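# Structural characterization, general
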Amino acid sequence: MPHSALPIGTLLAAPRPAFTATEAEGLARAHFGQDGRALPLTSERDQNFRLVTGHGEFVLKIANAAEPRGVTEFQTLALLHLEDRAPSLPVPRVGRTLEGAPWAELPSGNLLRLLTWVGGEPLWRARGGAAQRRAIGRCLGGITAALADFAHPAADYELLWDIRHAARLRPLLPAIPDARTAVLAGQVIDRFDAEAAPRLADLPWQVVHNDMNSHNIMVDPADPSRVTGVIDFGDMVRTARACDLAIAGSYQLEPGDPAGSLADLVAGYHEANPLQPSEIEILPELVAARMVATIAIASSRAAQQPENAPYILRNLPAAAAGLEALTALAPGAAAASLARAVGEA
């Protein structure tokens, strides 16, 4: 069944794996030969542990059993592709099992993987200014450029977080607690259906990261404008390339200067991976749609999984403020600002 066949997606509604830290340590030892201490990490649908060993740190990832095996393989092979095409990019490296494989299948049906730990300070703790936003854009542009020739049979799977499926968010809008935000979200989806959706097919498409949020970006604590890592490739999908940049934009947009802050990010991205005029023109609409996705999916899932609500709702306040600011701009103002920024890049 496609992930988005249910109101919030089969996978998004499935409970996470529930291995204990002791069990995780045993799995790391048995399958990867790594002896260390497993510390639980927050995660949306998989179960992750930080594995601290005497010779380094890793992330032990236990995939949700509801996730098709091909999707997990797709994500892992994409990381191997990045390592081959652009080894200087600050992304996790894939560990090998004792048999030399990039993953192990557990009797429970979960796939087990080991990735290198990416150091740095999470961006949400070290937000910077224009230089940081440009650096994030350049980093994302480099990742996307390196993935341009990567393909996999599972890349076209349906994921509700993919902006092109924004119209499917309508059933979730009643879950948004703030009435004004709910109305605004409905208006954004109406515009997306009428103006953005018909143009997506004509844009460049490829495999993308699809989740460049402030919890997935690491920066240097001594120099927050330097990106030291990008993590969590769990939402990778093949979609319109501009959708990926719009996701990053939805988290980098500053409510006090929505057009200017978005322009910083886009200018940096354009330096590493030149954008087409059609992508720049549609980007503000895609950013708004992603903000609606963040608000609507989080509101619905938090009601269903109250034990994980703090993690699920972590990006909601910023998304609501950003959506209010972006939609308050005059029509075309944000796109014009982005076009100027790219012309000056």
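Everything below is about the structure shown above.
Residues numbered from 1 in each chain as written. Predicted model: local features only at pLDDT ≥ 70, side-chain atom pairs only at ≥ 80, totals over all residues. Heavy atoms only, no water.

## Some points on the packing of aromatic side chains
Here is the rule: Side-chain rings of Phe, Tyr and Trp, where Trp is taken by its six-membered ring, are said to pair if the distance between their centres is within 6.5 Å; with planes under 30 degrees apart they count as stacked, over 60 as edge-to-face, and otherwise as tilted. In this text, helices come from DSSP runs of H or I with a minimum length of four residues, and strands from runs of E with a minimum of two, each type numbered from the N-terminal end. For the exposure calls, accessible area comes from a 1.4 Å probe over protein chains only, and a residue counts as buried if that area is under 20% of its type's maximum, exposed if over 50%, partly exposed in between.
Enumeration over the complete set of coordinates arrives at one aromatic pair. With a centroid separation of 6.0 Å and 10° between ring planes, the pair formed by Phe74 and Phe150 is classed as stacked. Of this pair, Phe74 sits in helix α3 (residues 69-85) while Phe150 sits in the loop between α4 (130-146) and α5 (179-200), and the two are 76 residues apart along the sequence. Residue classification places Phe74 among the buried residues on the basis of a relative accessible area of 0%. Take Phe150: its relative accessible area is 11%, and that puts it in the buried class.

## Overview of the layout of surface pockets
Definition in use: Think of a 1 Å grid over just the protein atoms. A cavity is a set of points where a 1.4 Å probe fits yet cannot get out, a pocket is an open set with protein on both sides within 12 Å along at least five of seven lines, and lining residues have an atom within 4 Å of a point. Grid points are joined across faces, edges and corners, and a volume is the space filled by probe spheres set on the points. Three categories are distinguished: nonpolar for Ala, Val, Leu, Ile, Met, Phe, Trp, Tyr, Cys and Pro, charged for Asp, Glu, Lys and Arg, and polar for the others, with Gly belonging to the last.
Estimated volume of the largest pocket: approximately 1,000 Å³. Lining of the largest pocket is provided by 46 residues; of these, Thr42, Asn216, Ile231, Asp232 and Tyr311 occupy positions nearest its centre. The greatest single-element share of the lining of the largest pocket, amounting to five residues, is contributed by helix α8 (residues 277-304). In terms of residue class, the lining of the largest pocket is built from 20 nonpolar, 13 polar and 13 charged. Looking at the second largest pocket, its volume works out to about 410 Å³. Along the wall of the second largest pocket there are 18 residues; nearest its centre are Arg191, Pro284, Glu285, Pro331 and Gly332. Looking at the lining of the second largest pocket, the elements that each hand over two or more residues are α5, α8, α10 (316-327) and α11 (333-344). Top contributing element to the lining of the second largest pocket by residue count: α5, with five residues.

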